[in-house]
Amino acid sequence: MGFADLLEEVEEKQFIKAFIPMDSSGTRLDRCKRYVEPQWQLLLPNNTGNVSELQTEGCLDGWTFDDSEFLATTVSEWELVCSLRPLKQMIQTIYMGGVLAGAIIFGGLSDRFGRRSVLMWSYLQLGILGCSSALSPSYSAYCVFRFLSGMAVSGIILNGVSLKVEWIPTKERTLVGTLSSFFFTFGQMILAGLAYWLRDWRKLQLVVCAPMFLFFSYSWWYVESARWLVLNRQSEEALKSLHRVARINGKPEVVDKLTLEVLHSHMNKEIESSRSTYTAYDLLKTRAMRRISICLVVVWFSTSFAYYGLAMDLQKFGVSIYQMQLIFGAVDFPAKLMALGMLTYLGRRVSQATCLFVSAVIIFANIFVPTDMQTTRTVLACLGKGFTSASFTTVYLYTGELYPTVIRQTGMGFVSTMARIGSMAAPAVLILDEVFPALPSMVYGGSAVLAGCFACFLPETLNIPLPDTIEDVEERWSVTSPAPRKEEGVSLKEGVDICVGGVASTEDVTLKEPKEAEGTGLNAL
């Protein structure tokens, strides 16, 4: 920039002071007011007039937006500034409300109509309504599309987790569950690159949601959960699915050995139990289920609450929004690798409690770091965000292993709803900053401590087969002492050790006869 250009820019900034007053801080121009008449005297070097007495009015002719980072946003599209500024925050609130509603609705629908069907519908719904958001003619239409898109996101996440938990063998469940969570991280970082490239909210929305049609097209090849099929009296379809997976995994000998009679003999108890109809009330009806549900509600709420509280703290660092998105993703890699090691060797309960307690310590530590030590505060906040991210990875896997098949999706939807409430409550806590600057951090840290304490009362599920019925849960965990660790029971134990995607045990043993089976359900095969 030459001297003449610099001089012109300085003169323009000075010139505009005759038309726009300074804001209450006195450090920058007001964004929502202008003088009724130009105040040329303010340009004089020795002006001492009282500007507070000058008449002002709203920006009747519209606004000029900074396009250095984005060429077009929802804020500039519908001028969500000044008196309409609360509508900007409302967009995110409405979206999270959709995620909450989706957790409630799709959780119950999945237990009734199957994981695969609801997952396929969720892909299609997100593809159609997400792309419709990019074509929204008005703010109201955009909010409606975002709410329905949020519902679809819940359907995808919850049913994807359940299919994964119900198909993957016990030994590989930790590895597959943790590694699959890395795709959330990859998506976060890819989003930063797409946003930097496109810089237009409509184009970004379209590019992000269009791949859902591809996901929908190949989801037809998904295999419905064999557990769900058996418990919903569709044993023939379950047998076909098991035979298909056996062939994919290179174990054709299992096809001849696993018959309908063998399947029914091992699942007789579960089939009888499945004749009952289950509702959300059953999550709290019995002793063990009640203990699990209450503890998980607190863990899910506090994990989400602390996660979004730290995420908002990261936004104070003064770096670009694209760099911030990359920081969010980069922190997750070591955090999730750490979670993988802890889940494998320490178990679910210790991992969950440790992640929550450490994140609380980091949040509290940041209270005592002076604001001028920005680098230290940034590092601590990133560490805290990493541990809350590891807590999320753990709780998704843990919840799927604690709830029985007959009501797993209802339970996942119930506790996920609490997480959405936590994410919606996190921004409101920032208001406490006006009362006492450290108060928001104290609330975020305190909630993490509380959740860590509740996590200590959850039963351990490491190397324990999935429960299929509420009776299974009560038999294992109705007492307060942790359940003894059982021998590897995997999805289809000994000879029927198969899963989607080619993950299989190296064991090559034959099916047990029904009379020799140990345990119950598919775990005994």
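As the structure is a computational prediction, the values presented were derived from the model and not from experiment.

*Asks:* Whenever I open this one, the packing of helix α6 (residues 170–198) against helix α7 (residues 201–209) confuses me. Can you help?
*Replies:* Packed helices, taken two at a time, are described by the angle their axes make and the gap between the axes. Interhelical geometry of α6 versus α7 gives an angle of 140 degrees and a closest axis separation of 9 Å. The orientation of α6 relative to α7 falls into the category oblique. Crossing geometry of α6 relative to α7 is assigned as right-handed. Facing α6, whose interface residues are Leu191, Leu194, Ala195 and Leu198, α7 presents Lys203, Leu204, Val207 and Val208. The residue makeup of the contact of α6 with α7, split by class, is 7 nonpolar, no polar and 1 charged.

*Asks:* Sorry, what's going on with the nonpolar core here?
*Replies:* Across soluble globular proteins, nonpolar side chains show a tendency to be buried alongside one another. If you look at the biggest cluster of nonpolar residues, it comprises 39 residues, and the most contacted ones within it are Ile292 and Leu296. Residue assignment for this core shows that the elements contributing at least two residues are α5 (139–167), α14 (287–314), α16 (348–367), α17 (374–402), α18 (408–429), α19 (439–455) and α20 (470–477). Sorting elements by how many residues they give to this core places α14 first, with 10 residues. If we skip the residues at most four places from it in the chain, isoleucine 292 touches Leu402, Tyr403, Leu458, Pro459, Val473 and Trp477. By size, the runner-up hydrophobic cluster in this structure holds 29 residues, among which are Met96, Ala152, Trp228 and Val230.

*Asks:* Please clarify how the pattern of salt bridges should be interpreted in this entry.
*Replies:* With the rule as written, the count across this model stands at 8 salt bridges. Between arginine 227 and aspartate 468 there is a salt bridge whose closest N-O contact spans 2.7 Å. Linking arginine 227 in helix α9 (residues 226–231) with aspartate 468 in the loop between α19 and α20, this pair joins segments that are 241 residues apart in sequence. Considered together, arginine 227 and aspartate 468 belong to a single accessibility category, that of buried residues. A salt bridge links glutamate 237 to lysine 240; the nearest nitrogen and oxygen atoms lie 3.8 Å apart. On the criterion of helical spacing, the pair formed by glutamate 237 and lysine 240 is a turn pair, its members being 3 residues apart in helix α10 (residues 235–248). For glutamate 237, a relative accessible area of 39% puts it in the partly exposed group.

*Asks:* Sorry, what's going on with the packing of α16 against α17 here?
*Replies:* Between α16 and α17, the least distance of the axes is 8 Å, while the angle of their chain directions is 155 degrees. Classified by the interaxial angle, the pair formed by α16 and α17 is roughly antiparallel. By crossing handedness, the relation of α16 to α17 is classed as left-handed.

*Asks:* Looking at this structure, I do not really get the confidence of the model for the protein. What am I missing?
*Replies:* Close inspection of predicted coordinates is inappropriate in any region flagged by low pLDDT. Confidence along the protein averages 79 in pLDDT terms, with 80% of residues attaining 70 or more. Within the protein, the element-level pLDDT minimum falls on helix α1 (residues 3–15), averaging 53, and the maximum on helix α4 (residues 115–134), averaging 94. Predicted confidence is poor over residues 480–521, with pLDDT under 50, and the contacts of this stretch with residues over four places away or in other chains come to 111 contacts.

*Asks:* Sorry, what's going on with α16 here?
*Replies:* Over its 20 residues, α16 runs 30 Å from end to end, which matches the ideal 28 Å to within 8%, given 1.5 Å per residue. Those residues of α16 that fall on the buried side of the exposure criterion are Arg348, Ser351, Gln352, Ala353, Cys355, Leu356, Ser359, Ala360, Ile362, Ile363 and Asn366.

*Asks:* Before we go on, may I ask you to explain the packing of aromatic side chains in this structure?
*Replies:* In this description, an aromatic ring pair is defined by two values, namely the gap between the centres and the angle between the planes. Throughout the structure, instances matching the rule amount to 18 aromatic pairs. Geometrically, the ring pair formed by tryptophan 300 and tyrosine 396 is edge-to-face, given 4.8 Å between the ring centres and 80 degrees between the ring planes. With tryptophan 300 in helix α14 and tyrosine 396 in helix α17, this pair connects stretches of sequence that are 96 residues apart. For the residue pair tryptophan 300 and tyrosine 396, the accessibility class agrees, reading buried in each case. Here the aromatic cluster, defined as three or more aromatic residues joined through ring pairs, consists of Trp78, Tyr139, Tyr142 and Trp201.

Each value, and the rule that gives it
Residues numbered from 1 in each chain as written. Predicted model: local features only at pLDDT ≥ 70, side-chain atom pairs only at ≥ 80, totals over all residues. Heavy atoms only, no water. Axes fitted to C-alpha atoms, helices over the stretch in contact; angles between N-to-C directions. Helix = DSSP H or I, 4+ residues; strand = E, 2+ residues; numbered from the N terminus. Parallel < 35°, antiparallel > 145°, perpendicular 65-115°, else oblique. Left-handed = near helix turned anticlockwise from the far one by under 90°. Contact = heavy atoms within 4.5 Å. Nonpolar A, V, L, I, M, F, W, Y, C, P; charged D, E, K, R; others polar. Core = buried A, V, L, I, M, F, W, Y, C linked by side-chain atoms within 4.5 Å. Buried < 20%, exposed > 50% of the residue type's maximum accessible area, 1.4 Å probe, protein only. Salt bridge = Lys/Arg side-chain N within 4 Å of Asp/Glu carboxyl O. pLDDT = per-residue confidence, 0-100. Expected span 1.5 Å × (residues − 1). Phe/Tyr/Trp six-rings, centres within 6.5 Å; stacked < 30°, edge-to-face > 60°.

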